[in-house]
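Listed below, chain by chain, are the residues.
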Amino acid sequence: MKLKLASISIILAASAVSSVAVARDNIWIVGSSTVYPFATVVAEKFGKETTFKTPSIESTGSGGGLKMFCEGVGENTPDITNSSRRIKSSEVELCAKNGITEIIEVKVGYDGIALANTKKAVRFELTRKDIFLALAKQVPTEKEGELIENPYITWNEVNPSLPNQKIEVLGPPPTSGTRDAFVELAMEGGCKKIAWIAELKKTDSSKYKAICHGIREDGHFIEAGENDNLIVNKLEANPNALGIFGFSFLDQNAEKVQGSLIDGAAPTFDSIADGEYVVSRPLYFYVKKAHLNVIPGISEYLATFTDKKAMGEEGYLTDKGMIPLPASEFKKVQNAVKNRTNLTL
């Protein structure tokens, strides 16, 4: 019996050592569907040009990726998460609660958010106020301080200069960073054009946010998931519909879809780079410092992504539609990565 117990103990001990020694040998990345194509290009290049395996990348949406990222430290959690918005303080707190106290933030470039339709239809010319009135859950009446459930069915009811066609917008789900940014930049941007609502930001910020960020749920805004290809297919099938996605995806499908003008500017590489196109945002990814010396290749992946050949003004990511950082900002990012600088909000 003693011999059997000893043998079992040896087997269990060997098993435990084995499970610790066999760590994951490839980088695991989750997060934004907008950053996904850029990260995929870098990952494929990294896999071909280094001795490390090509990283595994999942398109989960920014919110979904950050939730997974913040679950804890260990090989059963992602090493990196991509995000089309900056990490929130609540997400930093969740990470810290689960033992993730050191995070490297990498801003990779800029992207515009397009409100696009098929090239078979007439291009829309919208203002941010038009977008808010078309998609908000509640809209103001002529009486100051009064709100009603959104009654607008067609675009010309919002603005007589717009087409007499049903408001039908395909957009991302709440877990998407693209949706967060669209709500903040386009809808809130239009919402605060209404003076009494703009004043609420100073006196009742919660009510202000509820009004400006609330999206209608009566079928005129349709959640179409994180798959931008699916949205493009639906736009081609329905000439009356518009869809929300990043400029990079618009650029890749330029033969099929066209971006609406917003406040007089079309979503183009130049208009986003110089700030003329107002519905634009920075893109990021976040790295767990605790994984740097455990999972092979993370440091080298960081170096590959932040090299000027990738992220620079003439880097290969610009060919995919990413708007590069200004030179001074790019240098700061490179220094932060080189020095493993901890995230601060």
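Along every chain, residues carry numbers that run from 1 in the direction the sequence is written. Confidence filtering applies because this is a predicted model: local features only for residues at pLDDT of at least 70, side-chain atom pairs given and counted only at 80 or more, and all residues used for totals across whole chains, interfaces and linings. In computing side-chain properties, one takes all heavy atoms of the structure into account and sets aside hydrogens as well as water.

Describing the overall build of the protein chain
Secondary structure assignment for the protein chain yields 15 helices and 13 strands. In terms of its C-alpha atoms, the protein chain occupies a principal-axis envelope of roughly 85 × 45 × 40 Å. Any two residues whose heavy atoms approach within 4.5 Å at even a single point are treated as in contact. Here the analysis covers contacts within the protein chain between residues at least 6 apart in sequence; of these, 73% occur between residues at least 24 apart. Accessible surface for the protein chain amounts to roughly 16,400 Å². Of this, 52% is attributable to carbon and sulfur atoms. Strands are runs of DSSP state E lasting at least two residues, helices are runs of H or I lasting at least four, and both sets are numbered from the N terminus onward. Surface accessibility follows the Shrake-Rupley procedure with a 1.4 Å probe radius. Residue values consider only the protein chains on display as shielding.

Digging into the packing of helix H5 (residues 128-135) against helix H7 (residues 177-191)
Only the stretch in contact is used when fitting a helix axis, every axis being a line fitted to C-alpha atoms; angles between N-to-C directions are given from 0 to 180 degrees. Interaxial distance between H5 and H7 falls to 6 Å at its minimum, and their mutual angle equals 100 degrees. Between H5 and H7, the interaxial angle falls into the category roughly perpendicular. For the pair H5 and H7, the contacting residues are Arg 128, Lys 129, Ile 131, Phe 132 and Leu 135 in the first and Phe 182, Leu 185, Ala 186, Met 187, Gly 189, Gly 190 and Cys 191 in the second. Under this scheme an angle from 65 to 115 degrees is roughly perpendicular, one under 35 degrees roughly parallel, and one over 145 degrees roughly antiparallel; angles in between are oblique.

Let's talk about the nonpolar core
The tendency in soluble globular proteins is for nonpolar side chains to be buried as a group. To define a nonpolar core, start from buried Ala, Val, Leu, Ile, Met, Phe, Trp, Tyr and Cys residues and group those joined through side-chain atoms within 4.5 Å. Partly exposed describes any residue whose relative accessible area lies between the buried limit of under 20% and the exposed limit of over 50%, with all areas from a 1.4 Å probe on protein chains only and scaled to the type maximum. Membership of the largest hydrophobic core comes to 53 residues, with the highest contact counts inside it found for Ile 131, Leu 135, Trp 155, Met 187 and Phe 245. Broken down by element, the residue count for this core peaks at six residues, all from H7. With near-sequence residues (within four places) excluded, Met 187 lies in contact with Ile 131, Phe 132, Leu 135, Ala 136, Phe 182, Cys 212, Gly 214 and Ile 215. Core analysis: the next-biggest nonpolar cluster, separate from the first, contains 32 residues, Ile 27, Ile 298, Tyr 301 and Val 333 among them.

Details of the pairing of strand E13 (residues 280-288)
Side-chain positions along a regular strand alternate between the two faces of the sheet. Across the nine residues that make up E13, a large majority, seven, are buried. Strands are treated as partners if at least two bridges between them are detected by DSSP. With four bridges connecting them, strand E3 (residues 80-83) and E13 associate as antiparallel partners. By the bridge assignment for E13, Ile 80 is matched with Val 287. Alignment of strand E4 (residues 103-118) against E13, held across nine bridges, turns out to be antiparallel. Bridge pairing in E13 places Ile 103 opposite Lys 288.

As for the confidence of the model for the protein chain
The predictor attaches a confidence to each residue, called pLDDT, with possible values from 0 through 100. Here the protein chain averages 91 in pLDDT, while 94% of its residues score no lower than 70. Segment residues 1-22: pLDDT under 50, and two contacts once partners within four positions in sequence are set aside and those in other chains are kept.

A word on unusual backbone geometry
A positive phi angle is found at Asp 263, which is not glycine, with a value near 50 degrees. Looking at the secondary structure, you find Asp 263 in the loop between strand E12 (261-262) and helix H12 (269-273). Judged by its relative accessible area of 35%, Asp 263 falls in the partly exposed class. One non-glycine residue, Arg 340, lies in the positive phi region at around 55 degrees. The topology assignment puts Arg 340 in the segment after helix H15 (327-338).

Topic: the packing of aromatic side chains
Classification of ring pairs uses Phe, Tyr and Trp, with its six-membered ring standing for Trp, and accepts pairs whose centres are within 6.5 Å; under 30 degrees between planes counts as stacked, over 60 as edge-to-face, and the remaining range as tilted. The tally for this structure, following the rule as stated, stands at eight aromatic pairs. Consider the rings of Phe 124 and Trp 155, whose centres lie 5.4 Å apart with planes at 70 degrees: the pair is edge-to-face. Of this pair, Phe 124 sits in the loop between E4 and strand E5 (125-126) while Trp 155 sits in helix H6 (residues 155-158), and the two are 31 residues apart along the sequence. No difference in accessibility class separates Phe 124 from Trp 155, as the two residues are buried. Geometrically, the ring pair formed by Tyr 284 and Tyr 286 is stacked, given 6.0 Å between the ring centres and 20 degrees between the ring planes. Judged by relative accessible area, which is 6%, Tyr 284 ranks as buried. Tyr 286 gets classed as buried once you look at its relative accessible area, which sits at 0%. Put simply, the rings of Phe 46, Phe 52, Phe 285, Tyr 301 and Phe 305 touch in pairs and so form one group of aromatic residues. Any Lys NZ or Arg CZ found within 6 Å of a ring centre and within 35 degrees of that ring's normal is scored as a charge over the ring. The ring of Tyr 316 carries Lys 45 above its face, with NZ or CZ at 5.0 Å from the centroid.

Some points on the side chain of Arg 281
For Arg 281, the location among the structural elements is in strand E13. We classify Arg 281 as buried; its relative accessible area is 4%. In protein, a polar contact means a hydrogen-donor-capable atom and an acceptor-capable atom, both N or O and within 3.5 Å, with residues adjacent in sequence counting only if both atoms are side-chain atoms; elsewhere, any N or O pair within 3.5 Å suffices. Side chain to side chain, Arg 281 and Thr 34 meet in a polar contact 3.4 Å long. Apart from the residues within four sequence positions on either side, Arg 281 is in contact with Thr 34, Ser 84, Gly 109, Tyr 110, Asp 111, Ile 113, Gly 177, Thr 178, Ala 181, Leu 185 and Gly 246.

Regarding the packing of H7 against helix H9 (residues 205-213)
Packing of H7 against H9 brings their axes to within 8 Å, and their N-to-C directions diverge by 105 degrees. As far as their axial angle goes, H9 and H7 are roughly perpendicular. Only Tyr 208, Ile 211, Cys 212 and His 213 of H9 make contact with H7, whose side of the interface consists of Val 183, Glu 184, Met 187, Glu 188 and Cys 191. Residues are grouped as follows: Ala, Val, Leu, Ile, Met, Phe, Trp, Tyr, Cys and Pro are nonpolar; Asp, Glu, Lys and Arg are charged; all remaining types, including Gly, are polar. Looking at the contact of H7 with H9 residue by residue, the class counts come to six nonpolar, one polar and two charged.

Some words on helix H8 (residues 195-203)
Since the α-helix packs 3.6 residues into each turn, any two residues three or four apart lie on the same face. Among all positions in H8, only Trp 196, Ile 197 and Leu 200 are buried. Projected down its long axis, H8 carries its buried residues within an arc of 100 degrees, all on one side. H8 presents Ala 195 and Lys 202 as exposed residues on the side facing more than 90 degrees away from its buried surface. Its buried side turned inward, H8 meets strand E6 (138-140), strand E7 (147-149), H7 and H9. Here the arc refers to the directions that run from the helix axis out to each C-beta atom.

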